Amino acid sequence: MKRISLRNGNGIPFISLFPTSYSCFSPIIVRVYSSKSISVLSKFRANSNFECLDDALILFKKMVTMKPLPSLVDFSKLLKTIIIMKHYSAVVSLFREMQKLGIPINGVILNSVINSYSLMHHADCGFSVLPIYLKNGISFDVVTFTALIRGFFAENKVKDAVELFKKLVQEKICEPDEVMYATVMNGLSKRGQTEKTLSLLRLMEQGNTKPDIINYSIIIDAPCKDRNLDGAISLLNEMKQKGIPPDIVTYSSLIDGLCKLGQWEKVRILFSEMVSLDIYPNVRIFTILTDGLCKEGKVEDAEEVMRQMVRKGVEPNIIIYTAIMDGYCLRGELDGARRVFDFMIDKKIEPDIICYSVLINGYCKVKQLAEAMQLFHEISQKGSKPDIFTYSILLQGLFEAGKIDSAKKFFAEMLSTGLVPDLYTLCTLLKGYFKYGLVEEAMSFFNKLEREIEYTSIEFYNVVINGLCKNGELDKARVIFEKLSLIGMLPNVRTYTIMINGFSLEGFLDEAKDMLRKMEDNGCMPNNVTYNVFVRGYLRCSKINEMATYMKEMVRKGFSCDADTTELLVNVIRENPSVLDMIPEFRSEYKK
DNA sequence: CTAGGGTTAG
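Residues numbered from 1 in each chain as written. Chains lettered and ligands numbered in written order. Predicted model: local features only at pLDDT ≥ 70, side-chain atom pairs only at ≥ 80, totals over all residues. Heavy atoms only, no water.

J.: Can you walk me through the overall build of chain A in this structure?
T.: For chain A, the helix and strand inventory stands at 35 helices and zero strands. Sorting the 592 residues of chain A into buried and exposed places 45% on the buried side. Taking the intrachain contacts of chain A between residues at least 6 apart in sequence as the baseline, contacts between residues at least 24 apart amount to 58%. For chain A, the exposed surface amounts to about 31,500 Å²; the carbon and sulfur share of it is 55%. Where the 74 positive side-chain charges of chain A centre and where its 71 negative ones centre are 6 Å apart. (Helix = DSSP H or I, 4+ residues; strand = E, 2+ residues; numbered from the N terminus. Buried < 20%, exposed > 50% of the residue type's maximum accessible area, 1.4 Å probe, protein only. Contact = heavy atoms within 4.5 Å. Areas by Shrake-Rupley, 256 points an atom, 1.4 Å probe, with all protein chains shown as cover. Lys, Arg positive; Asp, Glu negative; His and termini not counted. Charge placed at Lys NZ, Arg CZ, Asp CG, Glu CD.)

J.: Could you clarify how one ought to interpret the packing of aromatic side chains in this entry?
T.: Each aromatic ring pair is described using two quantities: the centre-to-centre distance and the angle formed by the ring planes. Applying the stated criterion across every chain, the model contains 22 aromatic pairs. A centroid spacing of 5.0 Å and a plane angle of 40° characterise the contact between Y391 and F410, whose relative ring orientation is tilted. Placement of Y391 in helix α23 (residues 388-400) and of F410 in helix α24 (residues 404-416) is noted, with a sequence separation of 19 residues between them. The exposure class assigned to F410 is buried, which follows from its relative accessible area of 4%. By the ring-pair criterion, three or more aromatic residues cluster together here, those being Y133, F140 and F145. (Phe/Tyr/Trp six-rings, centres within 6.5 Å; stacked < 30°, edge-to-face > 60°.)

J.: Is there a simple way to think about the state of the cysteines in this case?
T.: What is meant by a disulfide is a covalent connection between two cysteines, made through their sulfur atoms. Taken as a whole and assessed by the stated rule, the structure comprises zero disulfides. Of the cysteine sulfurs around C294, a residue in no disulfide, the closest is that of C329, at 10 Å. Owing to a relative accessible area of 2%, C294 belongs among the buried residues under this scheme. Not engaged in a disulfide, the cysteine C561 finds its nearest cysteine sulfur in C541; these two sulfurs lie 17 Å apart. Judged by relative accessible area, which is 13%, C561 ranks as buried. (Disulfide = S-S within 2.5 Å.)

J.: Looking at this structure, how should I read the protein's contact with DNA strand B?
T.: Neighbouring residues of DNA strand B: 46 residues in total, closest N111, D141, R150, D177 and S252. Of what DNA strand B places within 4 Å of the protein, 41% of the atoms are sugar or phosphate. A distance of 3.5 Å separates a phosphate oxygen of DNA strand B from a polar atom in the side chain of K260. In this structure, a base nitrogen belonging to DNA strand B sits 3.3 Å away from a side-chain N or O atom of T287. For the surface near DNA strand B, the element with the highest residue contribution is helix α11 (residues 178-189), accounting for six residues. Taken together, the residues that form the surface near DNA strand B break down as 16 nonpolar, 16 polar and 14 charged. (Near = heavy atom within 4 Å. Polar contact = N/O pair within 3.5 Å; in protein donor to acceptor, adjacent residues only side chain to side chain. Nonpolar A, V, L, I, M, F, W, Y, C, P; charged D, E, K, R; others polar.)

J.: Could you clarify how one ought to interpret the pattern of salt bridges in this entry?
T.: A side chain of one charge can pair with a side chain of the opposite charge if their charged atoms are brought near each other. Within the structure shown, the criterion is met by 30 salt bridges. Between K448 and E452 there is a salt bridge, with its nearest N and O atoms 3.5 Å apart. Here the residue K448 and the residue E452 both occupy positions in helix α26 (residues 439-452), the gap between them amounting to four residues, near one helical turn. We note a salt bridge from K483 to E450, for which the minimum N-O separation is 2.7 Å. Residue K483 is located in helix α28 (residues 474-486), and its partner E450 is located in helix α26; the two are separated by 33 residues in the primary sequence. Residue K483 is classed as partly exposed on the basis of its relative accessible area of 26%. Its relative accessible area of 23% is what places E450 among the partly exposed residues. Connected through shared salt-bridge partners, R202, E205, E238 and K242 make up one network. (Salt bridge = Lys/Arg side-chain N within 4 Å of Asp/Glu carboxyl O.)

J.: What's the story with unusual backbone geometry in this structure? I'm lost.
T.: Across the chain, the bulk of peptide bonds are trans and the bulk of non-glycine residues have phi less than zero. Cis geometry marks the peptide bond from K67 to P68; its omega dihedral reads -5°. On the secondary structure map, P68 appears in the loop between α3 (53-65) and α4 (72-84). Look at H121: it is not a glycine, yet its phi comes out positive at around 65°. Its place among the elements puts H121 in the loop between α6 (107-119) and α7 (123-128). On the basis of relative accessible area, H121 is assigned to the partly exposed category, the value being 44%.

Pasting the structure below:
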């Protein structure tokens with residue numbers, strides 16, 4: 001009621017004494033509305049929020065019958081609300097309805113339609129909206145293009161997305177703003193393209209649009225996901241220096257990264273830094289903490305975090321309960337997990353498919369297959385549907401329990417439901433075959449997959465190479481390993497470790513040594529597992545001098561013996577105590 | 001300078 005506007009959108013001066021959203025109607029015209037319609041609309045204007053889609057559709061029906069029609073602002077707000085409710089196809093239907101009824105449209109409405117298509121993973125449909133702009137003399141703007149780019153990313157068409165972005169910039173079709181940069185950055189960062197994401201930030205710095213807090217949050221999330229927390233923290237400092245204050249999202253990414261590295265002290269420091277900046281922890285960040293703790297088996301600490309959170313008035317959600325369940329499962333404490341599960345149900349929180357899958361995984365790991373299967377059947381009874389993760393978990397469980405025929409049947413059952421197995425599921429199956437020495441079956445399956453699947457991964461090849469090595473088929477493994485570079489597949493630390501293990505199992509320690517050198521030459525650094533595998537090879541052949549050399553190197557690099565290596569080493573020392581003098585690094589551990 | 005597009009958890 002305060003602001004006096006001197007002109008409306010068409011440049012015709014008028015004085016508005018009404019709050020903004022009413023400004024285009026005079027009070028007399030407003031009375032033409034039926035009182036019921038206007039009350040629903042006012043309620044929506046005050047609080048753009050619906051319980052369900054039907055309520056939104058009811059309002060839409062009322063709006064289109066009002067005379068005069070409510071403003072396009074009301075229509076676009078309604079569409080946005082429906083998008084937030086994730087009923088994208090409803091947005092498209094309502095838009096068609098508006099066109100049929102001859103209701104005017106504008107760029108904002110059309111942009112929402114494209115965005116809906118993009119969120120439905122139908123980039124092509126989004127493009128098919130473009131002629132409607134032209135027909136109505138509406139020009140594309142940065143929002144239009146951002147929605148289209150988002151559509152490409154949603155369909156995993158990264159190249160198309162980046163090309164469109166580049167074209168817009170190079171041909172000066174539209175000047176990208178923070179949101180467009182954020183969309184491209186996020187698309188790249190989520191696909192592990194950290195370097196490219198960072199170079200976009202540097203590109204932005206040179207242009208007119210300066211990176212904002214969301215750009216930085218996206219940028220910081222990338223190295224966090226790569227476990228490069230030093231890189232992430234230097235970007236945090238960079239944004240602080242530029243006077244952009246980090247928010248809860250930025251801290252969430254950082255704390256998640258630190259949790260996953262088990263750097264609890266740094267988690268504590270960052271958490272208190274956040275609180276000291278008056279950023280209050282929300283349910284999401286508590287979830288990150290709980291999950292991080294549980295993944296390390298620190299369930300008691302996680303439960304303490306949860307109690308503190310409840311004390312602060314934040315209600316636990318299904319993700320937190322699932323994390324805690326997973327923590328109990330990880331420790332093999334299935335009774336504990338089942339407490340949590342039942343407690344959740346008591347709290348009237350319906351377990352979803354992930355929750356079920358976690359518990360099923362727990363039962364599989366302690367080989368209680370009957371219990372796992374019963375839960376699996378309970379899913380369908382409760383009206384939910386098992387997904388590929390659920391199937392993969394049970395498939396793995398059946399194989400690990402040696403129930404090969406059941407596993408095969410179960411896989412067939414999965415296919416019959418129309419679910420398409422992902423690479424992980426297929427790897428599980430392959431691993432299962434190899435584990436039980438079904439090398440021929442595994443290899444014919446592998447050959448078939450290699451022919452039929454468009455995109456495989458290095459992990460897929462790791463399974464086969466490992467399977468062959470463990471089944472005494474080192475030569476065949478070697479052939480596939482040599483083939484990798486030809487098909488453009490880059491071996492990773494696991495691939496090399498598998499080969500090193502393959503060689504040392506056959507006693508080919510020189511070849512193993514060559515492989516270790518080769519991986520380092522290729523810029524792939526050996527990790528804890530690599531060194532353990534390597535040292536075990538020498539131990540098994542009783543080549544104590546070499547073993548001691550590499551043991552020293554391993555310790556110097558901050559790695560340590562795992563359970564298998566320790567056991568082997570203890571046996572060797574028992575037979576020949578003088579070995580201990582050669583590796584003083586191991587002495588304190590040996591005493592234990 | 002009102003309405004539309006971007007960030008964190010199982």
